[in-house]
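Descriptive structure summary
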Amino acid sequence: MTAAIEKKPDEVPPASVEAEEDVEDGEEEDAPETQSAGGEGKKKKKKRKPKKKKAEQTEPPTIGLSKLFPSGVFPEGELQEYKNDNAYRTTSEEKRYDERMAMEDPEVTYNSIRRAAEVHRQVRKYARKVIRPGMRMIDIAETIENGTRALVEENGLESGIGFPTGLSLNHCAAHYSPNPGDTLVLGEKDVLKVDFGVHVKGRIVDSAFTLSFDPTYDKLLEAVKAATDTGVREAGIDVRLGELAGYIQETMESYEVEVNGKTLPVKPIENLSGHSINPYQIHGGKSVLLVKNDDQTKMEEGEYFAIETFGSTGRGKVIEQGECSHYARIVDAPHVPLRLTSAKSLLKSINKNFGTLPWCRRYLERAGESKYLLALNHLVAQGIVQDYPPLCDVRGSMTAQFEHTILLRPTRKEVVSRGEDY
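The following refers to the structure shown.

Rules behind the numbers
Residues numbered from 1 in each chain as written. Predicted model: local features only at pLDDT ≥ 70, side-chain atom pairs only at ≥ 80, totals over all residues. Heavy atoms only, no water. Axes fitted to C-alpha atoms, helices over the stretch in contact; angles between N-to-C directions. Helix = DSSP H or I, 4+ residues; strand = E, 2+ residues; numbered from the N terminus. Parallel < 35°, antiparallel > 145°, perpendicular 65-115°, else oblique. Left-handed = near helix turned anticlockwise from the far one by under 90°. Contact = heavy atoms within 4.5 Å. Nonpolar A, V, L, I, M, F, W, Y, C, P; charged D, E, K, R; others polar. Pairing = 2+ DSSP bridges. Buried < 20%, exposed > 50% of the residue type's maximum accessible area, 1.4 Å probe, protein only. Arc of directions from axis to C-beta.

**Points about the packing of helix α5 (residues 218-234) against helix α6 (residues 241-252)**
Their axes nearest at 8 Å, the elements α5 and α6 cross at an angle of 155 degrees. Compared by their axis directions, α5 and α6 come out roughly antiparallel. Crossing of α5 against α6: the hand is right-handed. Contact residues: A223, V224, A226, A227, T230, G231 and E234 in α5; L244, Y247, I248, T251 and M252 in α6. Looking at side-chain class alone, the contact of α5 with α6 contains 8 nonpolar, 3 polar and 1 charged residues.

**Description of unusual backbone geometry**
Here the residue pair E59 and P60 is connected by a cis peptide bond, since its omega of -5 degrees sits within 30 degrees of zero. Positionally, P60 belongs in the loop between β3 (41-45) and α1 (65-68). In this model, K201 sits at a positive phi of 50 degrees, which is unusual for a non-glycine residue. Of note, the phi angle at N260 is positive, near 50 degrees, even though the residue is not glycine. Residue position: N260 is located in the loop between β9 (256-259) and β10 (262-265).

**Structural notes on the sheet that holds strand β17 (residues 359-360)**
Strand order in the open sheet formed by 3 strands is β17-β16-β18, and the pairing between neighbours is antiparallel. Looking at the sheet topology across the chains shown, the edges are occupied by β17 and β18 (385-388). Here strand β16 (residues 326-329) runs beside β17; their pairing, made up of 2 bridges, is antiparallel. Residue pairing for β17: Y327 is matched across the bridge by W359.

**A few points about helix α9 (residues 373-381)**
All buried positions along α9 are accounted for by A375, L376, H378 and L379. Along α9, the residues classed as buried sweep out an arc of 160 degrees about the axis, all on the same side. Across from the buried face of α9, at angles greater than 90 degrees, the exposed residues are L374 and A381. Among the structural elements, β16, α7 (341-353), β17, α8 (361-366) and β18 are those in contact with the buried residues of α9. Residue G383 follows α9 closely and has a positive phi angle near 75 degrees.

**A few points about the pairing of strand β7 (residues 191-200)**
Burial of β7 is extensive: 10 of the 10 residues sit out of reach of the surface. Side chains of β7 alternate between two faces, with V191, K193, D195, G197 and H199 and L192, V194, F196, V198 and V200 buried alike. The turn linking β7 back onto strand β8 (residues 203-212) is made up of 2 residues, and K201 within it adopts a positive phi angle of 50 degrees.

**Let's talk about the pairing of strand β14 (residues 304-312)**
By the criterion of burial, β14 is predominantly enclosed, with 9 of the 9 residues buried. Every second residue of β14 is oriented toward a common face, with Y304, A306, E308, F310 and S312 on one face and F305, I307, T309 and G311 on the other, all of them buried. The sheet contact formed by strand β11 (residues 267-268) and β14 spans 2 bridges and is antiparallel. Within β14, the position partnered with P268 by the bridge is G311. As paired elements, strand β12 (residues 272-277) and β14 share 3 bridges and run antiparallel to each other.

See the structure below:
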């Protein structure tokens, strides 16, 4: 989810994962000798034991990960070693010890983020296969959300959807999700950003990709994917956020797109950014802008970051535009006496169902709320809930997005959301 500004890998997890389980090897074994009528001893062969059938994910995905990974251990993401002054970390005994201790601490363990990431990979594999022009946006959103809820085995605030499914189209770069009653349909010429999140115990995987069904904008998608990969590669402990933005900008601006015989530069969107991620808090306080700046803030050991980049054929700047769908309770919201009984009731429902995780109007209705708009607007006006309207560049332009979640482990960087697709 976007922040708007105010292998040396051990193994990249496969796109289709089969259950871990001990399977009988099926070899024939010798039984004790038996005496035949002629007095000769013969060995009786045991019948070959049939192998257990491995559990596989369905289409659409419906099988929870606990059934596919009964050991409770989930795949690591892509591993990248730190550079320069932090290169020593890869082989440091002290840092390896720190990681072992982290895995044993249920509050810090990397297993939660890896479980969320595996859900993301499996759900998006199916989504990328079935999303086609002619589908209603609301059906696309529910396909992704139903898969996420099933695979993460949604359980209150323990595990579930990390934030509303973003399905922003064309010049709209971020924060559009269909509201109840939305009839918008995906078109042949549309450029679709698919941005969705999964959380386990508040550890949120935030990852996004762009789909286009017309080759005109292939170079735009290529530019943004390359810029995100640059950001992931250059990120690391002690890296300054302003310098990291410069690497992203340089990559993005090296691309051009030809549209109707006219060559357009690919511009990074200057007022969108990646961000740090805290438990149950999608925007953790640090921002990774997409244009070089003087921010001297450093990335630190143990932090999670969403490295996301946006490119545009327009002006490279977004404004709030259109009907709002995304909301979140403000983490440090002031205690305000609420006059409206309906606002008190709605806030209670928000606290129970979402806490500080973002949500959308469809999720409110799924939780049983109705006729809530007056109360919702009151909570926004009182500074208790933040609204996140769609963020759009100039109409007629096209925007693209790619995003990964990274974890700055003591010994190396883990790109937890990496998959075979991007």
